[in-house]
Number of protein chains: 2
Amino acid sequence: MLTNSSKYALKAVLYLAQYSSEEHKLMVKDFYEKINVPRAYLAKLLQELSRHKLVSSTRGPRGGFYLSEENRDQPLISIIDVIDGPTRLTSCMLSLEECNEDRPCPLHAAFQPSRIKMIRNLEQLTLRELARDLEQQRSFLPR
Amino acid sequence: MLTNSSKYALKAVLYLAQYSSEEHKLMVKDFYEKINVPRAYLAKLLQELSRHKLVSSTRGPRGGFYLSEENRDQPLISIIDVIDGPTRLTSCMLSLEECNEDRPCPLHAAFQPSRIKMIRNLEQLTLRELARDLEQQRSFLPR
DNA sequence: TTATAAAAAGATATTTATATCCTCAATATG
DNA sequence: CATATTGAGGATATAAATATCTTTTTATAA
């Protein structure tokens, strides 16, 4: 479904959404263990997200990563698109280029409705909303 | 969602479901191009499925691969389980071991319904049913 | 202004998935 | 029984994903 990389990235931004702010930045070394992601690899992923303005960062002493208010309004799909590439979830289940509604692949009819629903969710749910669920203990983010 | 390997495998069994029978076996060299799968790699995948009794084969002249009537009654998930391993689709979206209904991960609530629906489809749809769709031109299997 | 701390960037290593090649074993047919 | 043909199996090669290490840049604050 998702690559390890995008799972790592989602865990990281959800953690940042919960525990960071512009006034309280988090360094990689301070939370990579909390989300069980390899330290150096997490740094790479966050750099990539930072380049795409999906997380915020500053260098130097007292620097670190955090989510700005704008960052928090991004949908989940934006993280996945940057890390996994934008076609990962939308392409045909059998990766057939010519699959479409008029000439669907054998899996198309049965799976397209639930696939579309999942993608809509990813496009609509924002980090802010999921962070609220975490805060209210309606969901949890164990290592 | 699925690996290339299981996509290849699904395309192959769907092709065999359409065009092979015990009386009309297909050799790898005769159809790998039809489904756009690397020849030697397709052979490997079919061997693996054969070992698990999901496709039938005989060696020697006039040998090849085909689907028996029993093979045709297998659900799609059995192919995927053999090639990708059985946990690929069922594990948590974030691969959190401790994610469950009582302590769900942040993605759980939004995605579990459509995920379950997809998995049910894979468990219930048989090769025979999808082959029938192909035969009736309700679906298509382009290269 | 200097020392230090942090991310950014680049280079490299490792692991897994994908792909190919070569030999062996089985089977049909003359 | 000999031979050709096919899948089975093992070994190897390549590409992509995952992971680590080192150096550079930027910012802080003493």
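Structure first, text after, so check above.
Residues numbered from 1 in each chain as written. Chains lettered and ligands numbered in written order. Predicted model: local features only at pLDDT ≥ 70, side-chain atom pairs only at ≥ 80, totals over all residues. Heavy atoms only, no water.

Turning chain A through 180 degrees and shifting it by 0.0 Å along the axis lays it on chain B, with an RMSD of 0.0 Å. With respect to symmetry, the two chain copies, as superposed, fit the operation of a two-fold axis. Considering only C-alpha atoms, the part of chain A nearest the rotation axis is A:M1, at 1.8 Å. An overlap of 100% is found between the interface residues of chain A and their copies at the interface of chain B, pointing to a shared contact surface. (Least-squares fit on C-alpha atoms with pLDDT ≥ 70 in both. Contact = heavy atoms within 4.5 Å.)

The subject of this paragraph is the protein's contact with DNA strand C. Around DNA strand C, a shell composed of 27 residues is seen, among which A:M27, A:K44, A:S57, B:S5 and B:P61 lie nearest. In DNA strand C, the atoms that sit within 4 Å of the protein are 61% sugar and phosphate, with bases accounting for the remainder. Within the side chain of A:S57, one N or O atom sits 2.8 Å away from a phosphate oxygen of DNA strand C. A distance of 3.2 Å separates a phosphate oxygen of DNA strand C from a polar side-chain atom of B:R62. Contributing elements (two or more residues each) for the surface near DNA strand C: α2 (28-31), α3 (39-51), β1 (56-58) and β2 (64-66) of chain A together with α1 (4-19) and α3 (39-51) of chain B. When residues of the surface near DNA strand C are assigned to their parent elements, the largest contribution, four residues, is made by α3(A). In the surface near DNA strand C, the residues fall into 10 nonpolar, 10 polar and seven charged. (Near = heavy atom within 4 Å. Polar contact = N/O pair within 3.5 Å; in protein donor to acceptor, adjacent residues only side chain to side chain. Helix = DSSP H or I, 4+ residues; strand = E, 2+ residues; numbered from the N terminus. Nonpolar A, V, L, I, M, F, W, Y, C, P; charged D, E, K, R; others polar.)

As a further point, take the interface of chain A and chain B. Taken residue by residue, the interface counts 38 residues in chain A and 38 residues in chain B. Summed over both partners, the interface of chain A with chain B comes to about 3,400 Å²; 72% of that surface belongs to carbon and sulfur atoms. When the buried surface of chain A facing chain B is broken down by residue, A:M1, A:P106 and A:F140 rank first, second and third, together holding 20% of it. There are zero salt bridges connecting chain A and chain B. Where chain A touches chain B, the interface holds six residue pairs in polar contact (both at pLDDT 80 or more). Looking at the side of chain A that touches chain B, the elements that each hand over two or more residues are α1 (4-19), α6 (108-124) and α7 (127-135) of chain A. (Buried area = accessible area lost by both parts, 1.4 Å probe. Salt bridge = Lys/Arg side-chain N within 4 Å of Asp/Glu carboxyl O.)

On to α3(B). Residue and element names in this part refer to chain B. When the terminal C-alpha atoms of α3 are compared, their 19 Å separation across 13 residues agrees well with the 18 Å that a helix rising 1.5 Å per residue should span. Within α3, the full set of buried residues consists of L42, A43, L45, L46, L49 and S50. Buried residues of α3 fall within an arc of 165 degrees about the axis and therefore sit on the same side. Exposed residues lying more than 90 degrees from the buried face of α3 are A40, K44 and R51. Looking at the buried positions of α3, the neighbouring elements they touch are α1, α2 (28-31), β1 (56-58), β2 (64-66) and α5 (76-84). (Expected span 1.5 Å × (residues − 1). Buried < 20%, exposed > 50% of the residue type's maximum accessible area, 1.4 Å probe, protein only. Arc of directions from axis to C-beta.)

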